[in-house]
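# Structural characterization, general
Chain residues, written in single-letter form:
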Amino acid sequence: MERVSIEAFRYARSVWKSGSFSAAARSQNVSQPGLSNGIAKLEERLGDRLFERSTRGVQPTVFGLEILPLIDRALVAVDAVGSEARRLTATGDEFVRVGVSPLIDPSLVAAIYEAVHRQTALGGPRQLVMREANMAELRDALLANQLDLVLMPSVGFLQGYEHRIVASEPLVVVGGHEGDDVPLSLNDLQGAELILMPDTCGLTAFTRDLVQAHKLRWKPYAGEAASYRVLEEWANLGLGSAIVPLSKLTSPETPHRSLRADGEDVEIFYQAVWDPGSPLADDLHRLADLLSATTQPH
């Protein structure tokens, strides 16, 4: 197979994340024909189509659903090389190290990049070094001063550290109920069997806190799903129900129902956490302000 272009990988990932060729072209700062041509060449070299267009928008093909996560991981690895090189050659306050939970909405990761870019113009840190890890590793790295700021779901509390809610997104329910066009009341989960994941990313802790706060009777499914995709697949098989953030659905077409309580969408909140005693404390405070402003609906 001929070599494939890193730019084409970025084009494909952007279309996958945004669900739109035009939105992807804007985010990649290229013309839509240029982006479409780049993806067409990539599909030719890979041997099959990654996307199909319909009246419902742009959706990954079956082939695309297998290949796009590999492209995403490849780009993460490529970007990590540059980030680590910059970290090793940077000095002092030239970079800010940010850790993220795998649960974090990808749009929030994009927002932190934009916030750092905007802060650079104000004299703040000039480079962003990202690290994805589970909740325990993020906390340990923050405590050991290996990270400057952590983005995680709003579960748990680190005594003596600053916490700021910077974003939120709706929760949805997969499996267990028919009719994804009708919202599901949280009380309808009374007695439900919920499929959970190992408590590493924060979703399981958030789910337990949610149902316990509303005094719902429920039981955990006997097994544990290893990924959000498996969580969704098991729920669709009828093994139980799964509560997931909207951004973690493998496709917008996945059968699901929005989750509501007291007439409002139930949301998961994401927080920024940092050490107020850090030499970068003022910059991190301003960064959280910028991030919160960037993620607010307009």
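Okay, so let's go over this structure. As the structure is a computational prediction, the values presented were derived from the model and not from experiment.

## Overview of helix α3 (residues 32-46)
Here α3 is 15 residues long and its end C-alpha atoms lie 21 Å apart, about the 21 Å a rise of 1.5 Å per residue gives. Capping the start of α3 is the job of one residue whose side-chain oxygen sits 3.1 Å from the backbone nitrogen of Gly34: Ser31. In the segment just after α3, Gly47 is the residue with positive phi, at about 100 degrees.

## Some words on the pattern of salt bridges
A full pass over the atoms with the stated rule returns 7 salt bridges. Counted as one network, the salt bridges with shared partners bring together Glu66, Arg229 and Glu233.

## Topic: the environment of Asp72
Looking at where Asp72 falls in the secondary structure, it is placed in helix α4 (residues 62-89). A C-alpha to C-alpha distance of 10.0 Å links Asp72 and Lys17, two positions 55 residues apart in sequence.

## A word on the packing of aromatic side chains
For the coordinates displayed, the defined rule picks out 2 aromatic pairs. On the numbers, 6.1 Å between centres and 80 degrees between planes, the contact of Phe21 with Phe51 is edge-to-face. In this pair, Phe21 is assigned in helix α2 (residues 21-28) and Phe51 in strand β1 (residues 51-54), connecting sequence segments 30 residues apart. By the burial criterion, Phe21 is buried, and Phe51 matches it. Here Tyr221 and Trp234 contribute two aromatic rings whose centre-to-centre distance is 6.0 Å and whose plane-to-plane angle is 70 degrees, an arrangement assigned as edge-to-face. Taken together, the residues Tyr221 in strand β9 (residues 218-224) and Trp234 in helix α8 (residues 228-237) connect sequence positions 13 residues apart. Sitting over the ring of Trp16, Lys17 keeps its end group 4.5 Å from the ring centre.

Cut-off values and rules
- Residues numbered from 1 in each chain as written.
- Predicted model: local features only at pLDDT ≥ 70, side-chain atom pairs only at ≥ 80, totals over all residues.
- Heavy atoms only, no water.
- Helix = DSSP H or I, 4+ residues; strand = E, 2+ residues; numbered from the N terminus.
- Expected span 1.5 Å × (residues − 1).
- Polar contact = N/O pair within 3.5 Å; in protein donor to acceptor, adjacent residues only side chain to side chain.
- Salt bridge = Lys/Arg side-chain N within 4 Å of Asp/Glu carboxyl O.
- Phe/Tyr/Trp six-rings, centres within 6.5 Å; stacked < 30°, edge-to-face > 60°.
- Buried < 20%, exposed > 50% of the residue type's maximum accessible area, 1.4 Å probe, protein only.
- Lys NZ or Arg CZ within 6 Å of the ring centre and 35° of its normal.

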